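Here's the letter readout for the chains.
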Amino acid sequence: MENAESLSEKVFSNGDIYVGNFKGVFPHGKGKYTWSDGTVYDGDWEEGKMTGKGQIFWFTGAKYDGDFSGGFLHGSGTLVGSDGSSYSGSWRMNIKHGLGKKQYCNSDVYEGLWKEGVHEGCGKYAWNSGNIYIGNWKAGKMCGRGVMKWENGDLYNGFWLDGVRHGSGFYRFVDGGYYFGTWSRGLKDGPGTYYPAGSRHPSLTKWCSSIDYDDNRKTMLSHSSSLNSEGHRAPKPSVSRSLSETISRSLSEKISTAGLFRSSGRISHRAMSLDEDCSVCDSAREFIAHDTSGMLSHASDEDQHEMRDCCTLVYEREYMQGVLIKEKIRSSAVPSEKNKQRSKFHAKEAKQRSCMGIFEDHQRRRSYYLMLNLQLGIRYTVGKITPVPMREVRSSDFGDRARIRMYFPRKGSQFTPPHYSIDFYWKDYCPMVFRNLREMFKLDAADYMMSICGDDGLRELPSPGKSGSLFYLSHDDRFLIKTLKKSELKVLLKMLPNYYNHVAAHENTLITKFFGLHRITLRGGKKVRFMVMGNMFCTELRIHRRYDLKGSSQGRYTDKDKIDSNTTLKDLDLSYEFHMDKSLRKSLFQQISLDCMFLESQQIIDYSLLLGLHFSAPEHLKTLLELPETNHSHGNNPGSDGSYGATSIGDLWIPPSGLILVTHEPNGSTAPGPHMRGNPLRAHSVGDKEVDLLLPGTGRLRVQLGVNMPAQANRKVLQDEANSKEVELFEVYDVVLYLGIIDILQVYNVRKKAEHAYKSLQFDPLTISVVEPKLYSRRFINFLEKVFPEQP
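Reading guide: rules and limits
- Residues numbered from 1 in each chain as written.
- Predicted model: local features only at pLDDT ≥ 70, side-chain atom pairs only at ≥ 80, totals over all residues.
- Heavy atoms only, no water.
- Axes fitted to C-alpha atoms, helices over the stretch in contact; angles between N-to-C directions.
- Helix = DSSP H or I, 4+ residues; strand = E, 2+ residues; numbered from the N terminus.
- Parallel < 35°, antiparallel > 145°, perpendicular 65-115°, else oblique.
- Left-handed = near helix turned anticlockwise from the far one by under 90°.
- Contact = heavy atoms within 4.5 Å.
- pLDDT = per-residue confidence, 0-100.
- Nonpolar A, V, L, I, M, F, W, Y, C, P; charged D, E, K, R; others polar.
- Salt bridge = Lys/Arg side-chain N within 4 Å of Asp/Glu carboxyl O.
- Buried < 20%, exposed > 50% of the residue type's maximum accessible area, 1.4 Å probe, protein only.
- Pairing = 2+ DSSP bridges.
- Patch = residues over 30% accessible without salt bridge, like charges linked within 9 Å, V, L, I, M, F, W, Y side chains within 5 Å.
- Areas by Shrake-Rupley, 256 points an atom, 1.4 Å probe, with all protein chains shown as cover.
- Core = buried A, V, L, I, M, F, W, Y, C linked by side-chain atoms within 4.5 Å.
- Phe/Tyr/Trp six-rings, centres within 6.5 Å; stacked < 30°, edge-to-face > 60°.
- Lys NZ or Arg CZ within 6 Å of the ring centre and 35° of its normal.
- Expected span 1.5 Å × (residues − 1).

**Topic: the packing of helix α8 (residues 431-440) against helix α10 (residues 486-505)**
For the pair α8 and α10, interaxial distance at closest approach is 11 Å and the crossing angle is 15°. Classified by the angle their axes make, α8 and α10 are roughly parallel. Crossing of α8 against α10: the hand is left-handed. Side by side, α8 and α10 meet where Val433, Phe434, Asn436, Leu437 and Met440 of the first sit next to Leu496, Tyr499, Tyr500, Val503 and Ala504 of the second.

**Details of the confidence of the model for the protein**
Interpreting fine coordinate detail is not advised for predicted regions of low pLDDT. For the protein, the mean per-residue pLDDT works out to 77, and 70% of the residues sit at or above 70. For the stretch residues 622-657, pLDDT sits under 50, and the model shows 92 contacts to residues farther than four places along the chain or on other chains. Across residues 758-763 the pLDDT falls below 50, and counting only partners more than four positions away or on other chains, this stretch makes six contacts in the model.

**Some thoughts on the packing of helix α11 (residues 582-601) against helix α13 (residues 773-787)**
Two elements in contact, α11 and α13, have axes whose closest approach is 9 Å; the angle formed by their N-to-C orientations is 165°. Taken together, the axes of α11 and α13 are roughly antiparallel relative to one another. Between α11 and α13 lies a crossing whose hand is right-handed. Across from Arg585, Phe589, Ile592, Ser593, Cys596 and Glu600 in α11, the residues of α13 making contact are Pro773, Lys774, Ser777, Phe780, Ile781, Leu784 and Glu785. Residues that form the contact of α11 with α13 fall into these classes: seven nonpolar, two polar and four charged.

**Observations regarding the pattern of salt bridges**
Oppositely charged side chains may form a pair once their charged atoms are brought near each other. Throughout the structure, instances matching the rule amount to 16 salt bridges. Across the pair Lys23 and Glu47 runs a salt bridge, and its minimum N-O distance is 3.8 Å. You can see Lys23 sitting in strand β2 (residues 17-23) and its partner Glu47 sitting in the loop between β4 (40-46) and β5 (49-57), a full 24 residues away along the chain. One salt bridge in this structure joins Arg556 and Asp548, with 2.8 Å as the shortest N-O distance.

**Looking at the pairing of strand β26 (residues 514-521)**
By the criterion of burial, β26 is predominantly enclosed, with eight of the eight residues buried. Where strand β22 (residues 424-429) meets β26, four bridges bridge the pair, whose relative direction is antiparallel. Across the sheet, Lys427 pairs through a bridge with Arg519, a residue of β26. Strand direction decides the pairing type here: β26 and strand β27 (residues 527-534), joined by seven bridges, are antiparallel. If you follow Ile520 over to β27, its bridge partner there is Val528. Adjacent in sequence and paired antiparallel, β26 and β27 are bridged by five residues, among which Gly524 carries a positive phi angle near 90°.

**Re a nonpolar patch on the surface**
Together, Leu7, Val11, Ile17 and Val19 make up a nonpolar patch on the protein surface, roughly 350 Å² of accessible area in all. Those elements that place two or more of their residues in the nonpolar patch are β1 (5-11) and β2. Tracing the sequence through the fold places Leu7 in strand β1.

**A few points about the nonpolar core**
If you look at the biggest cluster of nonpolar residues, it comprises 118 residues, and the most contacted ones within it are Phe578, Leu737, Ile744 and Phe788. Residues contacting Ile744, with those up to four places away along its chain left out, are Met495, Ile511, Phe514, Leu599, Ile604 and Tyr607. Listed in part, the 37 residues of the second largest apolar core include Trp35, Phe68, Tyr125 and Trp127.

**Looking at unusual backbone geometry**
Here Arg185, not a glycine, exhibits a phi torsion of approximately 55°, which is positive. Within the secondary structure layout, Arg185 lies in the loop between β16 (178-184) and β17 (187-188). You will see that Asp743, though not glycine, has its phi angle at about 55°, which is positive. Along the chain, the position of Asp743 falls in the loop between β40 (732-742) and α12 (750-760).

**Quick word on the packing of aromatic side chains**
With the rule as written, the count across this model stands at 51 aromatic pairs. Where Phe180 meets Tyr195, the ring centres are 5.7 Å apart and the plane angle is 90°; that geometry is what we call edge-to-face. Residue Phe180 is found in strand β16, and its partner Tyr195 is found in strand β18 (residues 190-195); the two are separated by 15 residues along the sequence. For Phe180, a relative accessible area of 10% gives the class buried. Taking NZ or CZ as reference, Lys96 lies 5.6 Å from the ring centre of Tyr87, over its face. Residue placement shows Lys96 over the ring face of Trp114; its charged tip is 5.7 Å from the ring centre.

**Describing α11**
Note that an α-helix has 3.6 residues per turn; residues three or four places apart therefore point the same way. The first and last C-alpha atoms of α11 sit 29 Å apart over 20 residues, in line with the 28 Å expected at 1.5 Å per residue. Restricting attention to buried positions, one finds in α11 the residues Ser583, Leu584, Arg585, Leu588, Phe589, Gln591, Ile592, Asp595, Cys596, Phe598 and Leu599. Against the buried residues of α11 lie α10, β35 (682-683), β38 (709-715), β40 and α13. Note on α11: the residue one or two positions beyond its end, Gln603, has a positive phi of about 60°.

**Observations regarding the sheet that holds strand β30 (residues 576-579)**
Taken in spatial order, the six strands line up as β29-β28-β31-β40-β38-β30 in an open sheet, and their pairing is mixed. At either end of the open sheet lies a strand with only one pairing partner, and these are β29 (569-570) and β30. Sheet topology places β30 next to β38; four bridges connect them, and they run antiparallel. Opposite Glu577, over in β38, you have Asn714 as the bridge partner.

**A short note on the sheet that holds strand β21 (residues 403-408)**
The seven strands are arranged β21-β22-β26-β27-β25-β24-β23 in an open sheet whose pairing can be described as antiparallel. Only two strands of the sheet have a single partner each, and these edge strands are β21 and β23 (458-461). Between one strand and the next, the sheet's axes are offset by a mean angle of 25°, whatever the strand orientation. In the packing of α8 onto the sheet, the strands contacted are β21, β22 and β26, and the crossing angle to β26 comes to about 145°. Where α10 meets the sheet, its contacts fall on β21, β22, β25 (479-484), β26 and β27, and the angle it forms with β26 comes to roughly 145°.

What follows is the structure in structure tokens.
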């Protein structure tokens, strides 16, 4: 019969030879194909294409044994290169993809997840020097949470970005000392604490557990949002009906060893845009967790308590791009009397901790459900409103009927997908208005949806105020989500028409940018209201200080014992004056006045100026830069070569420094600040021309109102610092300012003002938080004029 399988030999005109089974004119079943250059494939065929199990031996000496599909290395298999390197694991279309282990020709070993030929996900890399990294990877570089252990015994556990330490973490020295703090692009940056060997330091178990919880929650969100996504499948090879076409495509164009080994460098430097995996391999996570725990093996917390008491000094430090600028020494000793009584109260404390743990678990589950519900609702709303043709906003778009409602049962429905959360009702307020606001700020609908609803999920933030609101941050830091009270929702809906007109008329407004207003109703009738805002601190520069300024002295200070790297400070905590370019300052106060007039017209009070400071290390501080904690490099670590523009002299990193204003280049590569529409500002010092901010080592930043505004911070010596042990090493700093007006949902209430005045028994506007809108705006502007004094 024509389609019966037969064993025969065929010699092609180009010298290739095939011996095996055929189905019609196509190789099918078992067969061996030998190319004219000596490359050999022996294995399964399916209608003219290598599909199934097989082996291929290249003329270069490389060989592969494993799965094939449609003529590609696809499935699981082992590849041994001609240089002695080997890879055993998953493949997709000739590219390493999935869980696999690679041993490089120099004896470096990587074991973990791959994506499109590079390390992506959980993985362990062991250098031949003895250094080991276990943690997350992205695009071939260490990125996310991970642990690095050097061959000399030093260890770092924390966050990474593009191959260098970036974010929070702790560094354990071989002598037993610890440093807990934050890093920025490989350098200590921000507040931290150094615990000498033998001193009391925070529990590593609790520290790691808190980070593990965040990682696990993100994974849960990823699995939930990917429930209906289609998994990766081996593509079904198309069957060619032409013998000549099949031979030319499937046989003569054999698998190229150059393509298979193009990523065989020890750590890939190839940069590419990658789609996120739908899921993470559980087995990879298990071995990563096991190996990490082994690297972090140490004495139990109880044993550490006994050992730590021998050292009493702890150093609270603050760094600015690797430069130590502040240090405070305090005692860490525990009184001996308390040590004697510790065992007596151990059981009671354990019980209290257990109860607190149950409460915290409940709160975490509630927060997780809210985040998942929010993502599901926003994905539904944006998908529903985006296809509607753009048009001008009408008065009806602000009305009570301008709502989108939907029920999201757990099992899914005709209009909603199944999900892992609880049943809930969704309401979206004024969808056309907020759609136009997003368009106004040039927010692409797909980017907006992926930022909030993507697989990476949302991060919960600690509440910075007394409102008790929940705060969530999108994974790319572009959007901030806050829960609202019912009264705040009503205020925002009432002022929304005028807010829309104000934002449309003033492209440089400093008032909070709103992009969505939603409500979730849970079982039992509990309603949670959310608003989506632009995050004004979404910048590649690290924000070293945050201030919430109202121009008042009543309760406007922060307890020093409660200050950490994420604390938002208040009016009385501010010890700087900021000197700005004359034209920049003029533009700033013109817009502040316009925004205050608008808020005054809406009877709004109690708003704040949120101020973020990035300190730039001046040129004369370069010599004070600390050496890295260890002289041992990360091996072939992409990024340790100064790829960020920082100067490297041996093992000494010189940080970017200096603030330089240059004429703006309209066709340059500078991107506008997040959620900003206005043109670049003009600077008096550059002849009133539009300017960019040049930061060596960081790049060229567009100077806009409230974003990337350069200034000089002059520190004021406070009276209570005379006898303080805290040492401020410098008095003048170059800073980059980020600012905006927030908390604009508090309406003036005459009765509330009278109550505050009665309780305080005085009528000083600086001590009464509730004042008339006109007086409040005047006080607010007068205070800011002192913070940003006009230069002669």
